[in-house]
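Summary of the model geometry
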Amino acid sequence: MAPTGLWLIGARGSVATTAITGLLALRSGIAAPAGCVSALREFADAGLPEWDELHVGGHDIVDTSLEKRAELLAESGVIPHRVVEAVRPALSDVESQIRYGYHPATHAGTQAEAAQKLAADITAFARRYDLARVVVVNVSSTEPVFPALPEHDDLAALEAAMAVPGRTVLPPSSVAAYAALRAGCPFVDFTPSRGVRLPALEELARQRRLPYAGSDGKTGETLVRSTLAPMFTTRGLAVRSWAGTNLLGGGDGMTLADAEHAGSKLASKGRGLATLLGGEVTAPLHIDNVPDLGEQKIAWDHVSFEGFLGTRMSMQFTWTGYDSSLAAPLVLDLARFTAAAHAAGQEGPLASLAFFFKDPVGTAEHRLAEQFSELVRWAATL
């Protein structure tokens, strides 16, 4: 495939830095593609861009350099020190392609002007490397739930509102999505934030004939749930409750400690579980910030279910992992699959990428095995 761009919103965050460092390590041959779905033999003939065909840039509102972030992740156990040292010069090259993003508290102009600047940055990046296409992936921090506004339902009304000084009609994730679409780029939302999921932005994607995907990357607890829940339903076992507790530190822990920011994440997880079990179930879920855990995340689940003759039973499981290590290869996968979809002329929601998301757009299928089968079938058509 022709040279392809990967533009990351939140490019200096933990997930983005791990993805960038991993991509550079894969290019140089010092790491195997563990955790990369797109590297499985099922997708060998899908026409995906090779690792050395991916060029990376992005937006961020923090000024900690990629090198410094990678060093901190190495100290936390996410990235091996030897890998950071091996790719350090290349990290500096990518750093030079990161531009300041949009923050409503610091931006002085209209949201239309902010989006125009973001789109111009992406377009300049594509021209700099003579890229055939750029896939924009949002891996920034989860936003608070943004209120629905009438302008969200119509593109012309939205654009008129965006041009009004002092008006904040879109959250930052949706400004980024709008800018990506205006720049002619597919958009992928790896977060539960609003992003492209507004009727007006879906209208823009249709006008520009662009594909998009999301939302909320499925990396840990929900990955296990989407595997186990079908086990109960296909055996006729009635789940009465499914309680969960997430313990996490790092930037995610700080962000999700705020109830407003955690709201979209909790809603995303809850929708998937209800669909998997065929109806609403008592499913309390707590997210707690434990700074001592650093980049590590622990999920504990307790499932109460009923069997033959009403016998009550239960199952518990604990998942411990590094979220950035689990998420980063999926970001690379999504860039490769979405680029191939764009090259094939596909547009609209990429429902076949549901395998990667907690709350997938374009489909209500949440069962992991069925999602993977659909991904394989779809990839064969690219």
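Look up a bit, the structure's there.
Residues numbered from 1 in each chain as written. Predicted model: local features only at pLDDT ≥ 70, side-chain atom pairs only at ≥ 80, totals over all residues. Heavy atoms only, no water.

1. Considerations on the overall build of the protein chain
What counts, and what does not: Secondary structure elements follow DSSP: runs of H or I of four or more residues count as helices, runs of E of two or more count as strands, with numbering from the N terminus. Restricting the calculation to C-alpha atoms gives the radius of gyration, and the globule rule supplies 2.2 Å times the number of residues raised to the power 0.38. Relative accessibility decides the category of a residue: with a 1.4 Å probe and only protein chains considered, values under 20% of the type maximum give buried, values over 50% give exposed, and everything between is partly exposed. Whether two residues are in contact is decided by their heavy atoms, any of which lying within 4.5 Å being enough. To be clear on the numbers: accessible area is Shrake-Rupley with a 1.4 Å probe, and residue cover counts the displayed protein chains and nothing else. Two residue types count as positive, namely Lys and Arg, and two as negative, namely Asp and Glu; His and chain ends fall outside the count. Taken as the charge centre is NZ of Lys, CZ of Arg, CG of Asp or CD of Glu, depending on the residue.
Counting its regular elements, the protein chain contains 12 helices and 11 strands. Taken against the 2.2 N^0.38 rule, which gives 21 Å for 382 residues, the C-alpha radius of gyration of the protein chain at 20 Å falls within 12% of a compact globule. With respect to the principal axes defined by its C-alpha atoms, the protein chain has extents near 65 × 50 × 45 Å. Looking at the protein chain as a whole, 52% of its 382 residues qualify as buried. Look at the contacts in the protein chain between residues 6 or more apart in sequence, and 76% of them connect residues 24 or more apart. Accessible surface computed for the protein chain: about 15800 Å², of which carbon and sulfur atoms make up 53%. Of the side-chain charges in the protein chain, 32 are positive and 42 negative, and the distance between the mean point of each set is 3 Å.

2. Some thoughts on the sheet that holds strand β8 (residues 285–289)
Applied cut-off: Strand pairing requires that DSSP identify at least two bridges connecting the strands. Structural elements are reduced to axes, namely lines fitted to C-alpha atoms, with helices fitted over the stretch in contact, and the angle between N-to-C directions of any two is expressed from 0 to 180 degrees.
An order of β8-β7-β9-β10 is seen for the 4 strands of this open sheet, with the pairing classed as mixed. In this open sheet, the two edge strands, each paired with only one partner strand, are β8 and β10 (312–322). Strand-to-strand twist across the sheet, computed as the mean angle between neighbouring axes with direction ignored, equals 10°. Sheet topology places strand β9 (residues 296–306) next to β10; 11 bridges connect them, and they run antiparallel. The partner of Ser304 across the bridge, within β10, is Ser314. Lying over the sheet, helix α8 (residues 221–234) contacts β7 (238–248), β8, β9 and β10, oriented at roughly 170° with respect to β7. Of the strands in this sheet, β9 and β10 are in contact with helix α11 (residues 323–343), which crosses β10 at around 80°.

3. Some details on the packing of aromatic side chains
Both the distance between ring centres and the angle between the ring planes are used here to describe each pair of aromatic rings. Using the following cut-off: Only rings of Phe, Tyr and Trp enter the pairing, Trp through its six-membered ring, and a pair is recorded when the two centres are within 6.5 Å. The plane angle decides the type: under 30 degrees is stacked, over 60 is edge-to-face, the rest tilted. Any Lys NZ or Arg CZ that is within 6 Å of a ring centre and within 35 degrees of that ring's normal is treated as a charge sitting over the ring.
With the rule as written, the count across this model stands at 10 aromatic pairs. When the ring of Phe232 is compared with that of Phe305, the centres are 5.0 Å apart and the planes differ by 55°; the resulting orientation is tilted. Remark: Phe305 occurs in strand β9 and Phe232 occurs in helix α8; sequence separation between them is 73 residues. Here Phe232 matches Phe305 in class, with each residue buried. The interplanar angle of 55° and the centroid separation of 5.4 Å between the aromatic rings of Phe355 and Phe372 together place this pair among those described as tilted. Taken together, the positions of Phe355 in the loop between β11 (348–349) and α12 (368–379) and Phe372 in helix α12 put the pair 17 residues apart, joining distant regions of the chain. The exposure class assigned to Phe355 is buried, which follows from its relative accessible area of 13%. Look at Phe372 and you get partly exposed, because its relative accessible area is 22%. Following the ring pairs from residue to residue traces out a cluster consisting of Phe43, Phe337, Phe355, Phe356, Phe372 and Trp378. Directly above the aromatic system of Trp51 lies the positively charged group of Arg336, at a separation of 4.3 Å from the ring centroid.

4. Observations concerning the nonpolar core
Note the threshold: The term nonpolar core refers to a set of buried residues drawn from Ala, Val, Leu, Ile, Met, Phe, Trp, Tyr and Cys, joined through side-chain atoms within 4.5 Å.
The biggest cluster of nonpolar side chains holds 57 residues, and the ones touching the most others in it are Leu8, Val137, Phe190, Phe337, Leu353, Phe356 and Leu375. Elements supplying a minimum of two residues to this core: β1 (4–9), α1 (14–28), β2 (54–60), α2 (66–75), α3 (81–95), β4 (133–138), α11 and α12. By residue number, the principal contributor to this core is α11, which donates 11 residues. Counting residues in each nonpolar core, the second largest holds 37 residues, with Tyr102, Leu181, Leu198 and Ala205 among its members.

5. Description of the side chain of Glu295
The following threshold applies: The term salt bridge refers to a side-chain nitrogen of Lys or Arg lying within 4 Å of a carboxyl oxygen of Asp or Glu. The definition of a polar contact used here is a pair of N or O atoms within 3.5 Å, where within protein one atom must be able to donate a hydrogen and the other to accept one, and adjacent residues in sequence count solely through side-chain atom pairs.
The residue Glu295 is located in the loop between β8 and β9 in this model. Arg69 is the oppositely charged side chain nearest to the buried, salt-bridge-free Glu295, at an N-O distance of 5.2 Å. A polar contact of 3.3 Å, which involves the side chain of Glu295, links it to the side chain of Ser14. Dropping the residues within four chain positions of it, Glu295 is found in contact with Ser14, Leu73, Ser76, Val78, Gly250, Gly321, Tyr322, Asp323 and Ser324.

6. What about α12?
Stated formally: Take the number of residues in a helix, subtract one, and multiply by 1.5 Å to get its expected span. Here the arc refers to the set of directions running from the helix axis out to each C-beta atom.
Helix length check: α12 (12 residues) gives 16 Å between terminal C-alpha atoms against 16 Å at 1.5 Å per residue, within 8%. Of the residues making up α12, those classed as buried are Leu368, Gln371, Leu375, Trp378 and Ala379. Each buried residue of α12 lies within a common arc of 95° when the element is viewed along its axis, so the set occupies one face. Along its buried surface, α12 packs onto α8 and α11.

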